[in-house]
Amino acid sequence: AGLLVAKDDGGAYDRFRNRVIVPITNTMGRVVGFGGRVIADEEPKYLNSPESPVYQKGQILFGLKEAREALNETDEAIVVEGYMDHLRVFSAGFRNVVAVAGTAFTPQQAALVKRFVRRAVFVFDGDSAGEKASWRALTPALAAGLDVRLALMPRGHDPDSLIRSDL
């Protein structure tokens, strides 16, 4: 799971030290990796388990198991960039939300979304990387046959900060 990283001197250290850790599960709800967000002002801000035979971030959608019922009811998936955005959007009452691990939305993830819904709404960060990722997500989403919408965030906001703001 990549929780420990080997040191050159033979010891090991905690990969996710000083981070809030969330389990990353597959469609069956089995833990396949972990994600961590820093508590203090450190880099990188987000860190995931390394890829392994059971965890390939381009094939996983965070929160899919929890969203399945709402996806069936709404026939629409809200797709956000990461697990912290997912947790905020989900806790705000939007149960049909899933997240990619970072900004890349892959053909495998598009096919996974298409198994459950006809429409995907991409709500990525309101910075240049998030905007570019939103436009790039169109290619695999449209190729999978999804009806696609882009919800562009105000500059400097992500779904988490927008929900917490007074906007």
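Look up a bit, the structure's there.
Read on for a plain summary of the structure. Each chain has its residues counted from 1, following the order in which its sequence is written. With the structure being a predicted model, the display of local features is reserved for residues of pLDDT at least 70 and the display and counting of side-chain atom pairs for 80 or more, all residues being used for whole-chain, interface and lining totals. As a rule here, side-chain values come from all non-hydrogen atoms in the structure, and water together with hydrogens is ignored.

1. Some points on the environment of Met84
- A helix here means a DSSP run of H or I that spans at least four residues, while a strand means a run of E at least two residues long, and both kinds are numbered starting from the N terminus. With respect to the helices and strands, Met84 occurs in helix α2 (residues 83-91).
- For the exposure calls, accessible area comes from a 1.4 Å probe over protein chains only, and a residue counts as buried if that area is under 20% of its type's maximum, exposed if over 50%, partly exposed in between. With a relative accessible area of 22%, Met84 lands in the partly exposed category.
- Counting along the chain gives 76 residues from Met84 to Asp160, while the straight-line C-alpha distance between them is 7.1 Å.
- Note on contacts: a residue pair qualifies if any of its non-hydrogen atoms lie within 4.5 Å across the two residues. Beyond its immediate chain neighbours, meaning those up to four positions away, Met84 contacts Arg37, Tyr46 and Asp160.

2. Some words on the nonpolar core
- One finds Val79, Phe105, Val113 and Phe122 to be the most contacted residues of the largest nonpolar core, which totals 23 residues.
- At the level of elements, α1 (64-74), β6 (76-80), α3 (107-116), β8 (119-123) and α4 (128-143) are the ones that each hand at least two residues to this core.
- If sequence neighbours within four positions are ignored, Val113 has contacts with Leu61, Ala77, Phe105, Ala120 and Leu146.
- In this structure, Val32, Val80, Val123 and Met153 belong to the second largest nonpolar core, which totals 16 residues. Here, the term nonpolar core denotes a set of buried Ala, Val, Leu, Ile, Met, Phe, Trp, Tyr and Cys residues that are joined through side-chain atoms within 4.5 Å.

3. Some points on the pattern of salt bridges
- Salt bridges are defined as contacts in which a side-chain nitrogen from Lys or Arg sits within 4 Å of a carboxyl oxygen from Asp or Glu. On inspection of all chains with the given rule, the structure shows seven salt bridges.
- A salt bridge links Arg155 to Glu131; the shortest N-O distance between them is 3.2 Å. Linking Arg155 in the loop between β9 (147-150) and α5 (159-164) with Glu131 in helix α4, this pair joins segments that are 24 residues apart in sequence.
- Between Arg164 and Asp160 there is a salt bridge, and its shortest N-O distance comes to 3.1 Å. Residue Arg164 and its partner Asp160 are located together in helix α5, separated by four residues, close to a single helical turn.
- On the basis of relative accessible area, Arg164 is assigned to the exposed category, the value being 51%.
- Classification of Asp160 as buried rests on a relative accessible area of 14%.
- Taken together, the shared-partner salt bridges connect Glu76, Arg119, Asp147 and Arg149 into one network.

4. Some details on the side chain of Ser161
- Here Ser161 shows up in helix α5.
- Under the relative-accessibility criterion, Ser161 is labelled buried at 16%.
- Polar contact is defined as a pair of N or O atoms within 3.5 Å, subject to the rule that within protein one atom must be able to donate a hydrogen and the other to accept it, and that residues adjacent in sequence are counted only when both atoms are side-chain atoms. Side-chain polar atoms of Ser161 contact the side chain of His157, separated by 2.9 Å.

5. A word on the sheet that holds β6
- Two strands qualify as a pair provided that DSSP identifies no fewer than 2 bridges between them. Read across the open sheet, the four strands follow the order β7-β6-β8-β9; overall the sheet is parallel. One side of each edge strand has no neighbouring strand; the edge strands of this open sheet are β7 (97-99) and β9. Adjacent strand axes in the sheet meet at a mean angle of 25°, parallel and antiparallel pairs treated alike.
- In this sheet, β8 lies alongside β6 in parallel orientation, the contact comprising five bridges. Residue Val79 lies in a different strand from β8, and its bridge partner there is Phe122.
- Those strands touched by α2 are β6 and β7, and its axis lies near 170° from that of β7. Whenever a helix is involved, its axis is fitted only over the stretch in contact; in every case the axis is a line through C-alpha atoms, and angles between N-to-C directions fall within 0 to 180 degrees.

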